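Architecture and fold: a report
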Amino acid sequence: MATNILMPALSPTMEQGKLAKWLKKEGDSIRSGDVLAEIETDKATMEVEAVDEGTLAKILIPAGSDNVAVNTPIAILAGEGEDATKASVPDAAPAAAPASNGAGAEPQAAKPATPQPAAAAAPAISRAPEFPEGTEMVSTTVREALRDAMAEEMRRDESVFVMGEEVAEYQGAYKITQGLLQEFSDRRVVDTPITEHGFAGLAVGAAMAGLRPIVEFMTFNFAMQAMDQIINSAAKTLYMSGGQMGCPIVFRGPNGAAARVAAQHSQDYTAWFSHVPGLYVVAPYSAADAKGLLKSAIRDANPVIFLENEILYGQSFDVPKIDDFLVPIGKGRIARPGKDVTIVSFSIGMVYALKAAEELAKDGIEAEVIDLRTIRPMDAELIIDSVKRTGRCVTVEEGWPQSGVGAEIASILMEHAFDYLDAPVARVTGKNVPMPYAANLEKLALPNVGEVVAAAKAALYV
Amino acid sequence: MSDNPFPVDKAGLLEAYRMMKTIREFEERLHIDFAKGDIPGFVHLYAGEEAVATGIMMHLNDRDRIASTHRGHGHCISKGVDVHGMMAEIYGKETGSCLGRGGSMHIADLSKGMMGANGILGAGAPLICGAGLAAKFRGDGGVGITFFGDGAANQGMVLESMNLAAVWNLPVIFVCENNGYAEATSRDYGTAVKSYVDRGAGFGIPGVHADGTDFFAVYEVVGELIKRAREGGGPALLECEVIRFFGHFEGDAQTYKAKGENEYNRANRDCLKIFRAKVTEAGVISDAELDAIDGEVAELIEDSVASAKAAPLPSPKDLMSNVYVSY
């Protein structure tokens, strides 16, 4: 299959750059790790390395082009045995495809190729829609949705403030806090020194003293420095104090693998935080959920770990145009209904899950995809209900397998839906290895669509 | 009775003595009850260090906040936390300050500005900076005090907090209670700098010293620092040299102390004896007045133990309550 080669980012904040020079030409055969081109910004120059193998079918952006936006397709790579002259990639924006909050937009699935059990019952649990049918939708990036959520809550409640490294003057390392300093002043948008344990603990103290801090970790990798204050102070103090001292705080920032930043900057901490009583753990996929859940998190009286994903920041989704759009913490949603197999995921795992469902549909398999959205408390009811209808479950996460979110889901299903399972619960996870830097190895270490498809088919014995 | 040469009026002096004596009796009683097996777990006693907590807390009101340590009973009592609630908490009873869920190392009373003892060494330092930020945010004139020992003085979060307090000019006082032992290790083994006070310069904040066995020395020095912080002058570091009469925890054999060290200190460096000598020699308060307080405090502690022993255990059905704020 042909794939697009995208304009990479030199830094997390780069939005565009110059494609300086092509080092390969159309028709060249490419091996993983080959240097394809050079890109440059006013700060630095970087080589673009090939991730996949194949033939350079077409150069889309000629050498010397200025202002090429990050993630723009710059070339097409034809797969092995494919006719390079005819290769094309029609849809370069797969993330815009998922059904929005179940309000219509049912994906079209082909008829199943094999006879299915008659008892494909409708969901037993019915939930009120999170916004009225017919609501105007606005295409919004996850980045904008997060910023809007903070701005709305800061307007609503004077005690809400945001702090973190580079959140104010620099407008955020990933530009999530863009414009907040200008609207709310440096009293409520506070740059911190690079001192994660110190400022996380300080924010916990401020929450105990009645303020509502939003702490941005530049990435959650750096929250490891602050683990003591998050667990021993934020999560436990309400209980230890006999209910006197709550901690209304949100710790947010990008979590999980970005791209080519190696092991210390590429880890999914979802399972770690989800282990801890006293914390809520939220990990949205869509912009609508990012907005609605962040607003709920800021209003909540409990400490919330809000896990974002750098790769999703720039992706656009429909967000309902509602004055005060809230998504409840603790509720998953069916992102794509189906009856043959349940795929459960969250955050960027939804990208693999939804693409896999599309692939499976081509073979007549109707996968039901659940977006957990909140990991703790987990919406076990939604998963159990789905698996009672499908009899099969595949979990998808970028984190490591041992004691992971998928392991927890498998246990829940053993405890509550054992007699309904027609196959063992399958886990698709990140591999048991620190994230490698080399492009080809990094790709191997992460889950992919093929693994999800294979796991679903294995669960269906096809 | 002659003129009062002290910076505190007579009523204040009596109050300070009552605080110190209450802490001492509380700790001496816990020492006995722990040895008898009535009290479980980790109990770290503050006896010998009373002048520091009292000298500081005499300047504070309920709006001001403190963040304490594992050795927190003295800070709690002098900040006004109810002694009956504290004793019941240590006995693990439903009537405890924290419903028996926290124990000795987690006694808290937010209504008194007591943000908790803390089982993690140095953890109170960033927390009190947060309280200081909240006070500054609201402009209410409140100050925050955090305590840590000579051991926790080397924790990264304490040092990070001093820097944060300095760069944000927070109304926070960092109080190092230097009792010479980081658990069982001598202060000199674990800290290269001769005086913790010198670290203030490293963060651009004043560092001052007070004799922690002398209530009046602590009271006067910290009074200046608190006044300065209230007026927007920013944070400061105070080191008080103190004596820890007991071990690091109850059950500690204290083999690291010199022979006769505890006896010498109790005879010559007991802050309660020093206080009594000063106020009686000045003729401001009589021994009889102080003895009367001693009697009342003894009764209070006895009563608190009796009521703690009689109090109900937390109900098993409430095991899971207060993990989250529910609506």
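The shown structure was predicted, so the numbers you read here are calculated from the model rather than taken from an experiment. (Residues numbered from 1 in each chain as written. Chains lettered and ligands numbered in written order. Predicted model: local features only at pLDDT ≥ 70, side-chain atom pairs only at ≥ 80, totals over all residues. Heavy atoms only, no water.)

A word on the overall build of chain B. A count of helical and extended segments in chain B gives 12 helices and 7 strands. When the backbone C-alpha atoms are referred to their principal axes, chain B occupies close to 60 × 50 × 40 Å. A buried classification covers 56% of the 327 residues belonging to chain B. Within chain B, residue pairs in contact and separated by at least 24 positions form 73% of the contacts whose partners lie at least 6 positions apart. Of the roughly 12,600 Å² that chain B leaves accessible, carbon and sulfur atoms contribute 54%. The distance from the centre of the 31 positive side-chain charges to the centre of the 45 negative ones in chain B is 3 Å. (Helix = DSSP H or I, 4+ residues; strand = E, 2+ residues; numbered from the N terminus. Buried < 20%, exposed > 50% of the residue type's maximum accessible area, 1.4 Å probe, protein only. Contact = heavy atoms within 4.5 Å. Areas by Shrake-Rupley, 256 points an atom, 1.4 Å probe, with all protein chains shown as cover. Lys, Arg positive; Asp, Glu negative; His and termini not counted. Charge placed at Lys NZ, Arg CZ, Asp CG, Glu CD.)

Averaged over every residue, the pLDDT of chain A is 89; residues scoring 70 or more account for 88%. Of the regions scoring below 50 in pLDDT, residues 89-120 of chain A engages in 48 contacts with residues more than four places distant in sequence or in other chains. (pLDDT = per-residue confidence, 0-100.)

So, about the packing of aromatic side chains. Overall, the coordinates contain 18 aromatic pairs over all chains when judged by the stated rule. Measuring from ring centre to ring centre gives 4.6 Å for Y280 of chain A and Y324 of chain B, while their planes differ by 10°; the resulting arrangement is stacked. In this pair, Y280 of chain A sits in strand β14 (residues 280-282) while Y324 of chain B sits in the segment after α12 (287-310), so the two residues belong to two different chains. Ring pairing ties together the aromatic residues F6, Y17, F215, F216, Y219 and F275 of chain B, which thus form one cluster. Above the plane of the ring of F137 of chain B lies R187 of chain A, whose end atom (NZ or CZ) is 3.9 Å from the centre. For R266 of chain B, the ring lying beneath its charged end belongs to F246 of chain B, and the centroid distance is 5.2 Å. (Phe/Tyr/Trp six-rings, centres within 6.5 Å; stacked < 30°, edge-to-face > 60°. Lys NZ or Arg CZ within 6 Å of the ring centre and 35° of its normal.)

Moving on, we get to the sheet that holds strand β2 (residues 144-149) of chain B. What holds strands together in a sheet is hydrogen bonding between their backbones, with the strands either parallel or antiparallel. All names here are of chain B. Ordered in space as β1-β2-β3-β7-β6, the 5 strands form an open sheet in which the pairing is parallel. One side of each edge strand has no neighbouring strand; the edge strands of this open sheet are β1 (65-67) and β6 (207-211). Strand after strand, the sheet turns through a mean of 20° between neighbouring axes, direction not considered. One ladder, built from 6 bridges, connects strand β3 (residues 172-178) with strand β7 (residues 236-241); its direction is parallel. Considered in β7, the bridge of I173 is made with A236. (Pairing = 2+ DSSP bridges. Axes fitted to C-alpha atoms, helices over the stretch in contact; angles between N-to-C directions.)

Attention shifts here to the nonpolar core. Core analysis: the largest hydrophobic core is formed by 82 residues, its most contacted members being F217, I230, F251 and L413 of chain A. Two domains each donate at least three residues to this core, and these are domain 2 (137-320) and domain 3 (333-460) of chain A. (Core = buried A, V, L, I, M, F, W, Y, C linked by side-chain atoms within 4.5 Å. Domains from an automatic or database assignment.)

To continue, consider the pattern of salt bridges. All names here are of chain B. According to the stated counting rule, one finds 47 salt bridges over all chains in the structure shown. Ionic pairing is found between K21 and E25, a salt bridge with its closest N-O pair at 3.8 Å. Here the residue K21 and the residue E25 both occupy positions in helix α1 (residues 10-35), the gap between them amounting to 4 residues, near one helical turn. The exposure class of K21 is buried, given its relative accessible area of 15%. Take E25: its relative accessible area is 24%, and that puts it in the partly exposed class. (Salt bridge = Lys/Arg side-chain N within 4 Å of Asp/Glu carboxyl O.)

As a further point, take unusual backbone geometry. All names here are of chain A. A cis amide bond links R376 with the next residue in sequence, P377, at an omega value of 0°. With respect to the helices and strands, P377 occurs in the loop between β20 (374-376) and α9 (380-390). Here E166, not a glycine, exhibits a phi torsion of approximately 65°, which is positive. For E166, a relative accessible area of 36% corresponds to the partly exposed category. The backbone of S185 sits at a positive phi, close to 70°, despite the residue not being glycine. Secondary-structure assignment places S185 in helix α2 (residues 180-188).

Listed per partner, the contact involves 37 residues of chain B and 46 residues of chain A. Summing both sides of the interface, chain B and chain A together bury roughly 3,300 Å²; the carbon and sulfur share of this comes to 65%. Of all residues in chain B, F137, W168 and Y324 of chain B bury the most surface against chain A, accounting for 22% of the area lost on that side. Applying the counting rule to chain B against chain A returns 0 salt bridges. Seen at the junction of chain B and chain A, the total is 17 residue pairs in polar contact (both at pLDDT 80 or more). Listed by contribution, the elements that provide at least two residues to the side of chain B that touches chain A are α5 (124-138) and α6 (156-167) of chain B. (Buried area = accessible area lost by both parts, 1.4 Å probe. Polar contact = N/O pair within 3.5 Å; in protein donor to acceptor, adjacent residues only side chain to side chain.)

Turning our attention to the domain arrangement of chain A. All names here are of chain A. What the domain assignment lists for chain A is domain 1 (3-78), domain 2 (137-320) and domain 3 (333-460). For domain 1 versus domain 2, the separation of C-alpha centres amounts to 33 Å. Of the residues lining the interface, 4 residues belong to domain 1; the matching set on domain 2 comes to 6 residues. Taking both partners together, domain 1 and domain 2 bury about 400 Å²; carbon and sulfur atoms supply 46% of that area. Our count for the contact surface shared by domain 1 and domain 2 stands at 0 salt bridges. Where domain 1 touches domain 2, the interface holds 0 residue pairs in polar contact (both at pLDDT 80 or more).

Residues and elements named next belong to chain B. Interaxial distance between α5 and α6 falls to 8 Å at its minimum, and their mutual angle equals 20°. Viewed along their axes, α5 and α6 adopt a mutual orientation that is roughly parallel. Here α5 runs over α6; the crossing is left-handed. Packed against α5, whose contacting residues are A125, P126 and C129, the element α6 presents M157, V158, S161 and A165 at the interface. Here the residues of the contact of α5 with α6 are counted per class, giving 6 nonpolar, 1 polar and no charged. (Parallel < 35°, antiparallel > 145°, perpendicular 65-115°, else oblique. Left-handed = near helix turned anticlockwise from the far one by under 90°. Nonpolar A, V, L, I, M, F, W, Y, C, P; charged D, E, K, R; others polar.)

On to the side chain of S296 of chain A. Along the chain, the position of S296 of chain A falls in helix α7 (residues 287-299). At a separation of 2.7 Å, a polar atom in the side chain of S296 of chain A contacts the main-chain carbonyl oxygen of V327 of chain A.

A few words now on the environment of I274 of chain B. All names here are of chain B. Following the sequence through the fold, I274 ends up in helix α11 (residues 271-281). For I274 and G96, which are 178 residues apart along the polypeptide, the C-alpha to C-alpha distance reads 33 Å. If near-sequence neighbours (up to four positions away) are discounted, I274 is found in contact with T213, N268 and R269.

Moving on: the packing of α9 of chain A against helix α10 (residues 405-416) of chain A. Residue and element names in this part refer to chain A. Interaxial distance between α9 and α10 falls to 10 Å at its minimum, and their mutual angle equals 65°. For the element pair α9 and α10, the recorded crossing hand is right-handed. Of the residues in α10, those touching α9 at A380, I383, I384, V387 and K388 are I409, I412, L413 and H416. For the contact of α9 with α10, the class distribution of residues is 7 nonpolar, 1 polar and 1 charged.

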